[in-house]
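Fold and contact review
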Amino acid sequence: MGEKIVRIKGLDGANVEFVDKMIGQGGMKDVYFSPDRSYVVAFFRDNQDATSKERLKSIVGTYRERIINQIGGEYWKNLYCWAYDIVEHNGRTGVVAPVYNKVFFFEHGSKNNDFLNIKGKEKEGKWFASASNQNRFLDPRERGNWLSYFRVCILVSRAVRRLHAAGLAHSDLSYKNVLVDPAGGNAAIIDIDGLVVPGKFPPDVVGTPDFIAPEVLQTSHLKVGDPNKNLPRIETDRHALAVLIYMYLLYRHPLRGKKVFDADPQKDELLGMGEKALFIEHPTDASNRPNIQDVKPASLPWADVTKVPYTVCGPYLRTLFDRAFIEGLHDPSKRPTAEEWEQGLIRTVDLMQPCQNSSCDQKWYVFDNTLKPSCPFCKAVYKGQLPVLNLYSSYGKGKFLPDNHRLMVYNNQYLYQWHVNRRVAPNEKLTDDQKKPVGYFVLQNGKWAFVNQKLSKMRDLTDNKEIPINSMVEITDGKKILLTDEDGGRLLLVQMVSG
């Protein structure tokens, strides 16, 4: 017998078809494929009242129109799996959404010829946010390297930033609702139909354990409608985003340490993740450090905060983690915004170096601003001369101010427009031309040089001469290079570090 195909009409009158065979279940919905598998229809198990339906209509209508259907919408289409229609069938309400991009399904799956049988299944973030899961289960080809997790985190931050700019909160940001592809550096936010719409509609969910903000857990016992009850909103998303970033970069949870708050496991969980939540790497209170004797060997060295402290993520992220898990843990107003995370991650990528040890698991590390840089993961010490470029921006004729932005150089590294002018940001607004490199760095016979491919007004200020297109300039200690004389243009000051 062939598959039974159900044909119904969407909210806007469009034909919707699905195969009458459930392919999966989420926390709140049952999911069915379209006959050609280009979209899914997900039916809510619970009855959706008039308020919930209004919320869904605004998500698939007004907000989708503003974000996905405007100029630049193609970019956002790849970062969300955004529902685009609503259906009713047999008394149940459902949403129609595109199928996830194929990069978010496991190509190789687990180790030993996919012994867990996850090949073809979706790449939930939980597989990648735990050192134990990665080490014990995943095929190495699925795991990516440390730099690829930074790329994933930049995309997640950017997608959350766009939601928040529209006044929306996701309400359930977690590794269940963020699909990641570390091997390719891709990410997408799903379950968009759970968005908190401003001013009108309360969320249907409070979040996923591990990612619920402390103030939400702390008042979770209060009834809906109680003015003291904290519900998911933009500030609670900021907590969840910080947890996600911490877990994707350090493969452990920022609040789950050894401290026991109550003999009753349920009360202990409520206190430890709510009212009494304490950062495991708090600089002045070490009482919640993980107990290394209690962790699985496969979680090491990541579970040992003395071996891989959060400071390996560099100065920009250290400041943001402090704000998220110390100052802002119990004060939502002090949490970093998604945009601040996006900027901090981008600047940190500019501080990264490829590890010279070819067998290093992580392949990349963040320059630690020392005279003897070394990889914190495999301990390989950098050998040779390493150029560090300090970026200064022009503010009117001849006036340059430091950007608090440095660029580490490595062989065959590219320079881009966003390095050349502070007015260009590496985000969704980049034009195709701005995505192209303007030049690259090269190490030849022990000497560093920059090859100018596209910059027509580049000057060596130290030797007071032009650097024409298709020529190169040697990179030496103290060298000053003006990339462009435009307003906002950058000046590079070279500092050489010897390994």
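Below: a short report on this structure.

Points about the pairing of strand E1 (residues 5–9)
Regular strands place their side chains on alternate faces of the sheet. Taking every second residue as pointing to the same face, the buried face of E1 carries Val-6 and Ile-8, while none of Ile-5, Arg-7 and Lys-9 on the other face is buried. Bridge analysis of E1 against strand E2 (residues 15–19) gives 5 bridges, and the strand direction is antiparallel. Paired with Ile-5 across the two strands is Val-19, which belongs to E2. What sits between E1 and E2 in their antiparallel hairpin is a turn of 5 residues, with Gly-13 showing a positive phi close to 90°.

Observations regarding helix H1 (residues 50–67)
Taking 1.5 Å as the rise per residue, H1 with 18 residues should run 26 Å; its terminal C-alpha atoms sit 25 Å apart, in good agreement. The complete set of buried residues in H1 reads Ser-52, Arg-55, Leu-56, Ser-58, Ile-59, Val-60, Tyr-63, Arg-64 and Ile-67. Among the structural elements, strand E5 (39–44), helix H2 (73–77), strand E6 (85–89), strand E7 (92–98) and helix H6 (146–165) are those in contact with the buried residues of H1.

Here's the deal with the sheet that holds strand E14 (residues 414–415)
With antiparallel pairing, 4 strands are arranged side by side in an open sheet as E14-E15-E16-E19. The open sheet has two edge strands, E14 and strand E19 (472–474), and neither has a second partner. As judged from the 3 bridges shared by strand E16 (residues 447–452) and E19, these two strands associate in the antiparallel manner. Within the sheet, the bridge partner assigned to Ala-449 lies in E19 and is Glu-474.

Remarks on the environment of Leu-56
Checked against the element boundaries, Leu-56 lands in helix H1. Among residues more than four places away in sequence, those in contact with Leu-56 are Phe-44, Gln-48, Ile-86, Thr-93, Val-95 and Asp-193.

Some points on the sheet that holds strand E13 (residues 400–408)
Overall, antiparallel pairing links the 6 strands, which are arranged E13-E12-E21-E20-E17-E18 in an open sheet. The outermost strands of the open sheet, each flanked by one partner alone, are E13 and strand E18 (465–466). Sheet topology places strand E12 (residues 385–394) next to strand E21 (residues 490–498); 9 bridges connect them, and they run antiparallel. Looking at the pairing, Leu-386 lines up with Val-497 of E21.

Let's talk about the nonpolar core
Across soluble globular proteins, nonpolar side chains have a tendency to be buried as a group. Counting 112 residues, the largest nonpolar core has Tyr-80, Trp-82, Trp-146, Tyr-248 and Leu-249 as the members making the most contacts within it. When residues of this core are assigned to their parent elements, the largest contribution, 12 residues, is made by H6. Excluding residues that lie within four positions of it along the chain, Trp-146 makes contacts with Leu-249, Tyr-251, Trp-302, Val-312, Cys-313, Met-352, Gln-362, Trp-364, Tyr-365, Val-366 and Phe-377. Listed in part, the 11 residues of the second largest apolar core include Val-31, Ala-42, Val-60 and Ile-86.

Considering the side chain of His-164
Within the secondary structure, His-164 sits in helix H6. We classify His-164 as buried; its relative accessible area is 13%. Sequence-distant contacts of His-164, that is, excluding residues within four places in its chain, are made with Ala-169, Ile-234, Asp-237 and Arg-238.

What counts and how
- Residues numbered from 1 in each chain as written.
- Predicted model: local features only at pLDDT ≥ 70, side-chain atom pairs only at ≥ 80, totals over all residues.
- Heavy atoms only, no water.
- Buried < 20%, exposed > 50% of the residue type's maximum accessible area, 1.4 Å probe, protein only.
- Helix = DSSP H or I, 4+ residues; strand = E, 2+ residues; numbered from the N terminus.
- Pairing = 2+ DSSP bridges.
- Expected span 1.5 Å × (residues − 1).
- Contact = heavy atoms within 4.5 Å.
- Core = buried A, V, L, I, M, F, W, Y, C linked by side-chain atoms within 4.5 Å.

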